[in-house]
Amino acid sequence: LRSPDAFTQLSADIATVAGAVGKTPVTMATNLRESGWSVTNWGKFSQGPALAAVGLALEGRYRRVLVPSSVSYASLSSWGTHPLTDPLLSTSRTEIRDDGALKRRTEKVAAIIASDLAMNHLHVCWMDQSSFNCGSCEKCLRTLSLLEMLGGRYRAATFPPGSWSLDALAKLRLRKSLDRDSMQRVARNARKYGRQDIARAARRAVMRYDLRRGASRIAAAFGWR
């Protein structure tokens, strides 16, 4: 809501994609993140109910609402939107269904690479609240790393040119344990696809995070600032 120009641009992009696949876009704005929900753990708890709330606001219009899956059935973990809990948010009028949990993240990225429409409108960044991908945050570099190991980074037209490199990945400053877990998955996937160079860079980012955390714990134990 604080970035009306970005909202307008993203709405236009969504309308373009919807038109290309024969769908009618319905764009909604909400101040949910500026309400009391702002103090909740968005990743672990809030995002699933928030997405369902948007759909249920239109339950007089839709009998079924699909929530894109975050985790797959192959690697179920505690998360705010989940294939086992999202359906529990359904009402007697509208069914909430998790969609895509049969596929792992790498399989989804491979499908995106195969689609010109998806690659021309791919937007993953939330750091600067704009309609562009910054190319330098954890989520951007994680996505670019997956595109690289699957052979599709050269088609990543929605990211700044030259934003990905092994050095940028290795020097990425991870902010929290969730970022660390995501980077460890990048390393595992890289080894699976024979990209030991990406795996080493991702592990370096994890190691730097662990060193900072360890130093912070030692400083706290001794009362240092």
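Structural data are supplied above this passage.
The present account deals with the structure reproduced in this document. Each chain has its residues counted from 1, following the order in which its sequence is written. Note on the predicted model: pLDDT of at least 70 is required for a residue's local features to be given, and 80 or more for side-chain atom pairs to be given and counted; whole-chain, interface and lining totals, by contrast, use all residues. Working from all heavy atoms in the structure, the side-chain values ignore hydrogens and water.

### What to know about the pairing of strand β1 (residues 64-68)
Test applied: Categorising residues by exposure relies on relative accessible area from a 1.4 Å probe, with only protein chains included: less than 20% of the type maximum marks a residue as buried, more than 50% marks it as exposed, and the intermediate range marks it as partly exposed. Here a helix means four or more residues in a row that DSSP labels H or I, a strand means two or more in a row labelled E, and each is numbered from the N terminus. If DSSP finds at least two bridges between two strands, the strands pair.
Only one face of β1 is covered, namely the one carrying Val65 and Val67; the face carrying Arg64, Leu66 and Pro68 has none of its residues buried. Note that β1 and strand β2 (residues 95-99) share 5 bridges and pair parallel. Bridging from a neighbouring strand, proline 68 pairs with aspartate 99 of β2.

### Overview of the packing of helix α3 (residues 105-113) against helix α5 (residues 138-149)
Applied cut-off: Only C-alpha atoms enter the line fits that serve as axes; for helices the fit covers just the stretch in contact. Angles between N-to-C directions range over 0 to 180 degrees. Should an angle lie under 35 degrees it is considered roughly parallel, over 145 roughly antiparallel, and from 65 to 115 roughly perpendicular; all remaining angles are considered oblique. Contacts: residue pairs with any heavy atoms within 4.5 Å of one another.
Their axes nearest at 10 Å, the elements α3 and α5 cross at an angle of 75°. The angle between α3 and α5 falls in the class roughly perpendicular. Only Arg142, Leu146 and Leu147 of α5 make contact with α3, whose side of the interface consists of Arg105, Thr106, Val109 and Ile113.

### Re a nonpolar patch on the surface
As a reminder, the rule being used: Within the patch definition used here, like charges are joined within 9 Å and nonpolar side chains (Val, Leu, Ile, Met, Phe, Trp, Tyr) within 5 Å, considering only residues with over 30% relative accessible area and no salt bridge. Here the accessible surface of atoms and residues is derived via Shrake-Rupley with a 1.4 Å probe, and residues count as covered only by protein chains that are part of the display. Each salt bridge in this description consists of a side-chain nitrogen of Lys or Arg and a carboxyl oxygen of Asp or Glu lying within 4 Å of one another.
Side chains of Tyr73, Leu76, Leu84 and Leu102 sit close together on the surface and give an oily, nonpolar patch of about 450 Å² of accessible area. Turning to its location among the elements, leucine 102 is positioned in the loop between β2 and α3. Look at leucine 102 and you get exposed, because its relative accessible area is 73%.

### Description of the environment of proline 160
Turning to its location among the elements, proline 160 is positioned in the loop between α5 and α6 (166-170). Ignoring sequence-local partners within four residues, the contact set of proline 160 consists of Asn133, Cys134 and Gly135.

### Notes on the nonpolar core
Where we set the bar: For our purposes a nonpolar core is just a set of buried Ala, Val, Leu, Ile, Met, Phe, Trp, Tyr and Cys residues, chained together by side-chain atoms within 4.5 Å.
Counting residues in each nonpolar core, the largest one holds 31 residues, and the members touching the most others are Leu144, Leu147, Phe159, Leu174, Met183 and Ile198. The set of elements that each furnish at least two residues to this core consists of α3, α5, α6, α7 (177-192) and α8 (196-221). Those residues in contact with methionine 183, other than ones at most four positions away along the chain, are Glu138, Leu169, Leu172, Leu174, Ala202, Ala205 and Val206.

### Examining the side chain of arginine 142
Looking at where arginine 142 falls in the secondary structure, it is placed in helix α5. Arginine 142 gets classed as buried once you look at its relative accessible area, which sits at 12%. Those residues in contact with arginine 142 that lie beyond four places of it in its chain are Arg105, Ser182 and Val186.

### Digging into the pattern of salt bridges
A side chain with one charge may pair with a side chain of the opposite charge, provided their charged atoms come close. The tally for this structure, following the rule as stated, stands at 10 salt bridges. Across the salt bridge formed by arginine 142 and glutamate 138, the nearest N and O atoms sit 2.7 Å from each other. In this pair, arginine 142 and glutamate 138 are both assigned in helix α5, 4 residues apart and thus about one turn of the helix distant. Neither arginine 142 nor glutamate 138 differs from the other in exposure class; each is buried. Aspartate 197 serves as the salt-bridge partner of arginine 195, at 2.9 Å between the closest nitrogen and oxygen. Judged by relative accessible area, which is 23%, aspartate 197 ranks as partly exposed. Among the charged side chains, a salt-bridge network with shared partners connects Glu148, Arg153, Arg195 and Asp197.

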